[in-house]
Amino acid sequence: MRFGNLELFSLSDGIMRLDGGAMFGVVPRVFWEKTNPADELNRIVIGVNPLLIKAEGCNILVDTGNGDKFSEKLLKIYGIEREPTLLKSLSDAGLRPEDIDIVINTHLHFDHCGGNTVVNGNGRHEPAFPRAGYIVQKREWEDATNPNELTRASYIPEDFIPLMEAGRVELVDGNREVYPGVTVVQTPGHNRGHQSVKIESDGKTAFFLGDMVPTAAHIPLPYVMGYDLYPLELLELKRRILREAMECNWLMIFEHDPKIRMGYLREVNGKLTVEEVSGIE
């Protein structure tokens, strides 16, 4: 997809399955199962869709998927199917891991940063993208390295601690332009240190939502996940950002939708809907 002077690639690290009730919080199943049917374990399919931003002289990867370090037990619990893998998606875009200059982690939950590291021939974890700097919000780093009983299961230290040991982590505190036209934007709600990515080029704006709005089905304001630690704060954030996105015609990029990767918000009969797009010239 051409986007102004940039190229955007919605990549894939396969799919996974998560509890439908947890994914839609207080919304009753009778509503969410219309668009997201559940299996016999009450799990729905979600996509794992990192974003590649190709700029002149710089390749930026936003999130890295689940990676390949899961045990068979966890692969089964989460119904993970990595076909294609992130590295295959990158290869299809003409890139190798060493071609990535910047990795932005929206946050450090395992399905967003599991591909940050790989196990080398000596059994040690090392950066999967050997030339890249990894950008993480300071608050998120603090929470990931000091988890509590509620958050511990979401953080796998091997996904991010080796990066700090290798001197590859840049902690930012707040909004920051990390490359001309590419800005990390604080979007707390899912957790304290969540960040989204705003992309601006040639008068156009795109917004990679991360877990702020994981799928197009989560566009309605009450559709907040049970996984979201600060739901009321997230509700107000969604109200503000989605209204601006519609009024200013931002391209919305969904990280977890298994079907709709990108689209524009439209208001129909007083409700926000997504007009899917597959490419822009």
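To be clear, the structure that these remarks concern was listed above.
Residues numbered from 1 in each chain as written. Predicted model: local features only at pLDDT ≥ 70, side-chain atom pairs only at ≥ 80, totals over all residues. Heavy atoms only, no water.

Asker: Requested: an account of helix H6 (residues 138-145), with residues and values cited.
Answerer: Those residues of H6 that sit buried are Glu 140, Trp 141, Asp 143 and Ala 144. Each buried residue of H6 lies within a common arc of 165 degrees when the element is viewed along its axis, so the set occupies one face. (Buried < 20%, exposed > 50% of the residue type's maximum accessible area, 1.4 Å probe, protein only. Helix = DSSP H or I, 4+ residues; strand = E, 2+ residues; numbered from the N terminus. Arc of directions from axis to C-beta.)

Asker: A description of the environment of Ser 278 should follow, citing residues and the corresponding values.
Answerer: Structurally, the position occupied by Ser 278 is in the segment after strand E18 (271-276). Given the relative accessible area of 74%, Ser 278 is considered exposed. In this structure, the C-alpha to C-alpha distance between Ser 278 and Gly 263, residues 15 residues apart in sequence, is 8.0 Å.

Asker: Describe a nonpolar patch on the surface, with residues and values.
Answerer: A cluster of nonpolar residues, Leu 150, Leu 229 and Tyr 230, forms a patch on the protein surface that exposes about 290 Å² of accessible area. When you line up the elements, Leu 150 lands in the loop between H6 and helix H7 (161-165). (Patch = residues over 30% accessible without salt bridge, like charges linked within 9 Å, V, L, I, M, F, W, Y side chains within 5 Å. Areas by Shrake-Rupley, 256 points an atom, 1.4 Å probe, with all protein chains shown as cover. Salt bridge = Lys/Arg side-chain N within 4 Å of Asp/Glu carboxyl O.)

Asker: Mind laying out the nonpolar core, listing which residues take part and the relevant values?
Answerer: Residues Leu 8, Leu 51, Ile 53, Ile 104, Ile 199, Leu 251 and Ile 253 are the most contacted members of the largest nonpolar core, which totals 26 residues. If near-sequence neighbours (up to four positions away) are discounted, Ile 53 is found in contact with Leu 6, Glu 7, Leu 8, Cys 58, Asn 59, Ile 60, Val 62, Val 182 and Ile 199. Leu 11, Ile 100, Ala 128 and Ala 144 belong to the second-largest nonpolar core, a separate cluster that totals 22 residues. (Core = buried A, V, L, I, M, F, W, Y, C linked by side-chain atoms within 4.5 Å. Contact = heavy atoms within 4.5 Å.)

Asker: Explain helix H8 (residues 231-247) to me, using residue names and the numbers behind them.
Answerer: The end-to-end C-alpha distance of H8, which contains 17 residues, comes to 24 Å, matching closely the 24 Å that a straight helix rising 1.5 Å per residue would cover. Positive phi appears at Asn 249, one or two residues downstream of H8, with a value of about 60 degrees. (Expected span 1.5 Å × (residues − 1).)

Asker: Let's hear about unusual backbone geometry: which residues, and what values?
Answerer: Across the junction of Glu 83 and Pro 84, the peptide omega takes the value 5 degrees, indicating a cis bond. Checked against the element boundaries, Pro 84 lands in the loop between helix H3 (72-77) and helix H4 (86-92). We note that Asp 202 has phi near 55 degrees; this positive angle belongs to a residue other than glycine. For Asp 202, the position within the fold is in the loop between strand E14 (195-201) and strand E15 (204-208). A residue is classified by how much of its surface remains accessible, and Asp 202, at 58% relative accessible area, is exposed.

Asker: Please provide a residue-by-residue account of the sheet that holds E18, values included.
Answerer: Here we have seven strands laid out as an open sheet, ordered E12-E13-E14-E15-E16-E17-E18, and mixed in their pairing. Looking at strand neighbours, the two that pair on one side only are strand E12 (176-179) and E18, the edges of this open sheet. Strand-to-strand twist of the sheet, defined as the mean angle between neighbouring strand axes without regard to direction, takes the value 35 degrees. Here strand E13 (residues 182-186) runs beside E14; their pairing, made up of five bridges, is antiparallel. (Pairing = 2+ DSSP bridges. Axes fitted to C-alpha atoms, helices over the stretch in contact; angles between N-to-C directions.)

Asker: If you had to explain the pairing of E12 to someone new, which residues and values would you point to?
Answerer: With three bridges connecting them, E12 and E13 associate as antiparallel partners. Within the sheet, the bridge partner assigned to Arg 176 lies in E13 and is Val 184. Counting the residues that bridge the hairpin from E12 to E13 gives two residues, and of these Gly 181 lies at a positive phi of roughly 90 degrees.

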